[in-house]
Amino acid sequence: MIITDVSVKTFLTTTRRHADTAGHAHPGPEHKVKQAMLIIRTEDGHEGYSFGAPEIVRPHVIDKFVKKVLIGQDHRDRERLWHELAHWQRGSAAQLTDRTLAAVDVALWDLAGRALNQPVHKLIGAYRNKVRAYGSIMCGDELEGGLATPEDYGRFAEKLVKRGYKGIKLHTWMPPVSWAPDVKMDLKACAAVREAVGPDIHLMIDAFHWYSRVDSLELGRGLEKLGFDWIEESMDEQSMSSYKWLSDNLDIPVLGPESASGKHWHRAEWVKSGAVDILRTGVSDVGGITPALKTMRLAECFGMDCEIHGNGSMNLVVAATSKNCRWYERGLLHPFLEYDDGFDYLTALSDPMDQDGYVHVPDRPGIGEAINFEFIENNRVE
Ligand SMILES: O=C(O)[C@H](O)[C@@H](O)[C@@H](O)C(=O)NO
Ligand SMILES: [Mg+2]
């Protein structure tokens, strides 16, 4: 059970996703990008894995922080190891981020499952074995036939409903789109989607993250007329009081925070302040499965739903082990991309969705990823 090694394998994977100046994904030509696999190994040869950007598991953070906390420790002591690593953050000169904590925590949970030959959602205590998904559409663009007009969004939404989705979330247009942001265009896209899919499909929006209070109010009031389920990240989440103001002035549920730092502790403050109606967590955002579960349980104590940010096995585990979330965020989706094609370094989708819009939680050991180890070895760069 004792951890004897922490290592990283960096490899090339092919993708058509390209990040814009705000970090949002858009489709483009195929290109190769570096991906990292973190490996935590024990004395008896068991290993746990997690994937992420190479910079979050770069040698500096692995050698200066992760190895110092993990090597020689019982891998099952996840709660203690998470706190010990989190305490290193204050003195790390902002070098040890929540993303790194998440990579380590996910690999430790994966290790626990693989060592016992059990799926992690069963180890934690499953609430369900399938979760209803909403299709999370990429941010708008200026691509002919892509997501350039409200009608494009409407057509794509129709396609998603045919695929089985019972919920759809729009990320609307943001810079670097030349004319964005524009509340009236956001509402035209939302109206086009509502018109296209009818009244029974659940709709949500995740808007330009830096609207003013007044713009957010105009957007929210328009969405109320369209019967949307929630409004998400329409303002800078560093201003919790702005969300309190918006929640007090809108009927549509306000959801968040997604990107705000502070893990489960800060999300407790958002609940206490009444800043949101639906809480939000995400394994990458709060530092792992461990704090994401704490956020879910915190929301449950206040009679609140907590919706999980992001796709992938790690977030699916949190959704499968929690009663108070209604959705799994499946995406990001675009008319030019086939989400169900998956990743070249996995031999199966982590989140297969049936025709009724349910994602079935894989019962594979660990967090449930079907890793193609041979592909990773054949495409290693470090
Ligand atoms: O880069 C981002 O802001 C996120 O990836 C975003 O696009 C999307 O994942 C999100 O906000 N979901 O709620
Ligand atoms: Mg979001």
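Every value quoted in this text rests on a predicted model; they were computed, and no experiment measured them.

*Asks:* Sorry if this is basic, but what is going on with the overall build of the chain here?
*Replies:* What the chain contains, in helices and strands, is 13 helices and 12 strands. Radius of gyration (C-alpha) of the chain: 20 Å, near the 21 Å computed for a compact globule of 382 residues. Considered along the principal axes of its C-alpha atoms, the chain spans approximately 60 × 45 × 40 Å. Burial statistics for the chain: of 382 residues in total, 55% are counted as buried. Of the contacts made within the chain by residues no fewer than 6 positions apart, 69% connect residues no fewer than 24 positions apart.

*Asks:* Is there a simple way to think about empty space enclosed by the protein in this case?
*Replies:* Taking a probe equal in size to a water molecule and rolling it over the atoms shows the remaining empty space. Under the criterion given, the structure shown has 1 cavity of 30 Å³ or more. Quantified by volume, the largest cavity comes out at close to 40 Å³. Where the lining of the largest cavity is concerned, the elements lending two or more residues are helix 2 (78-90) and helix 3 (98-116). Here the lining of the largest cavity takes 4 residues from helix 3, the largest share from any one element.

*Asks:* Help me understand the packing of aromatic side chains, please; the structure alone is not making it clear to me.
*Replies:* Aromatic rings in a pair are described by how distant their centres are and how their planes are angled relative to each other. Applying the stated criterion across every chain, the model contains 14 aromatic pairs. Chaining the aromatic ring pairs together yields one cluster made of Phe 11, Phe 51, Phe 343 and Tyr 345. The ring of Tyr 358 is capped by Lys 130, whose NZ or CZ atom sits 4.5 Å from the centre of that ring.

*Asks:* Could you clarify how one ought to interpret the coordination of the magnesium ion (ligand 2) in this entry?
*Replies:* The expected angle between donors at a tetrahedral four-coordinate metal is 109.5 degrees. At an octahedral six-coordinate metal it is 90 or 180 degrees. Coordination sphere of the magnesium ion (ligand 2), protein contribution only: Asp 206 (OD), Glu 232 (OE) and Glu 258 (OE), at 1.9 to 2.1 Å. Every donor residue of the magnesium ion (ligand 2) comes from the same chain, spaced as D-x25-E-x25-E. Of this pair, Asp 206 sits in strand 6 (residues 202-206) while Glu 258 sits in the loop between strand 8 (254-256) and helix 9 (263-273); the two residues are 52 residues apart in sequence, bridging distant segments of the chain. Grouping residues by exposure puts Asp 206 and Glu 258 together as buried.

*Asks:* In this structure, what is going on with the site of ligand 1? I would like to understand it.
*Replies:* Taken together, Gly 23, His 24, Lys 169, His 171, Asp 206, Glu 232, Glu 258, Arg 280, His 309, Glu 329 and Leu 332 are the residues near ligand 1. Within the side chain of Asp 206, a nitrogen or oxygen atom sits 2.8 Å from an oxygen atom of ligand 1. In this structure, Glu 329 approaches ligand 1 through a side-chain N or O atom, which is 2.8 Å from a nitrogen atom. Counting only elements with at least two residues in the shell around ligand 1, the list comes to strand 5 (167-171) and strand 11 (328-333). When the residues that make up the shell around ligand 1 are grouped by side-chain class, the tally is 1 nonpolar, 4 polar and 6 charged.

*Asks:* Which parts of the structure should I look at to understand the domain arrangement of the chain?
*Replies:* A common way to express how large an interface is: the accessible area buried when the components associate. The domain boundaries assigned to the chain delineate domain 1 (2-117) and domain 2 (123-360). One C-alpha centre belongs to domain 1, the other to domain 2, and the line joining them spans 25 Å. The interface of domain 1 with domain 2 comprises 27 residues on the first partner and 34 residues on the second. Buried surface at the junction of domain 1 and domain 2, summed over both partners, amounts to about 2,500 Å²; 64% is from carbon and sulfur atoms.

*Asks:* Can you walk me through the UniProt feature "domain: Mandelate racemase/muconate lactonizing enzyme C-terminal" (unreviewed entry) in the chain in this structure?
*Replies:* Sequence positions flagged by UniProt for "domain: Mandelate racemase/muconate lactonizing enzyme C-terminal" (unreviewed entry) are, in local numbering, residues 150-253. Secondary structure within residues 150-253 divides into 50% helix and 12% strand; the distance between the first and last C-alpha atoms comes to 23 Å.

*Asks:* What is the right way to read the environment of Thr 321 from this model?
*Replies:* Among the secondary structure elements, Thr 321 is positioned in the loop between helix 12 (313-320) and strand 11. On the accessibility criterion, Thr 321 (4% relative accessible area) is buried. Along the primary structure Thr 321 and Leu 123 are separated by 198 residues, whereas in three dimensions their C-alpha atoms are 9.6 Å apart. A polar atom in the side chain of Thr 321 sits 2.8 Å from the backbone oxygen of Val 317.

*Asks:* What exactly am I supposed to notice about the nonpolar core here?
*Replies:* Here is a general trend for soluble globular proteins: nonpolar side chains tend to be buried in one another's company. Counting residues in each nonpolar core, the largest one holds 78 residues, and the members touching the most others are Leu 219, Leu 223, Phe 228, Leu 279 and Ile 289. In terms of residue count, helix 6 (residues 183-197) provides more of this core than any other element does, 7 residues in total. A domain split of this core shows at least three residues from each of domain 1 (2-117) and domain 2 (123-360). With near-sequence residues (within four places) excluded, Leu 219 lies in contact with Val 183, Asp 186, Leu 187, Ile 205, Ala 207, Tyr 211 and Ile 231.

*Asks:* In this structure, what is going on with the side chain of His 209? I would like to understand it.
*Replies:* In this structure, His 209 sits in the loop between strand 6 and helix 7 (213-225). Within polar-contact distance, the side chain of His 209 engages the side chain of His 24 at 2.9 Å. Ignoring anything within four residues of it in the chain, the contact list for His 209 reads His 24, Met 174, Glu 233, Ser 234, Met 235 and Asp 236.

The rules behind these values
Residues numbered from 1 in each chain as written. Chains lettered and ligands numbered in written order. Predicted model: local features only at pLDDT ≥ 70, side-chain atom pairs only at ≥ 80, totals over all residues. Heavy atoms only, no water. Helix = DSSP H or I, 4+ residues; strand = E, 2+ residues; numbered from the N terminus. Rg over C-alpha atoms; globule rule 2.2 N^0.38 Å. Buried < 20%, exposed > 50% of the residue type's maximum accessible area, 1.4 Å probe, protein only. Contact = heavy atoms within 4.5 Å. 1 Å grid on protein atoms, 1.4 Å probe; cavity = no way out; pocket = protein on both sides within 12 Å on 5 of 7 lines; lining within 4 Å. Points joined across faces, edges and corners; volume = space filled by probe spheres on them. Phe/Tyr/Trp six-rings, centres within 6.5 Å; stacked < 30°, edge-to-face > 60°. Lys NZ or Arg CZ within 6 Å of the ring centre and 35° of its normal. Donors = N, O, S within 2.8 Å, 3.2 Å for Na, K, Ca; no water. Near = heavy atom within 4 Å. Polar contact = N/O pair within 3.5 Å; in protein donor to acceptor, adjacent residues only side chain to side chain. Nonpolar A, V, L, I, M, F, W, Y, C, P; charged D, E, K, R; others polar. Domains from an automatic or database assignment. Buried area = accessible area lost by both parts, 1.4 Å probe. UniProt positions renumbered as here; feature names shortened; annotations may be inferred. Core = buried A, V, L, I, M, F, W, Y, C linked by side-chain atoms within 4.5 Å.

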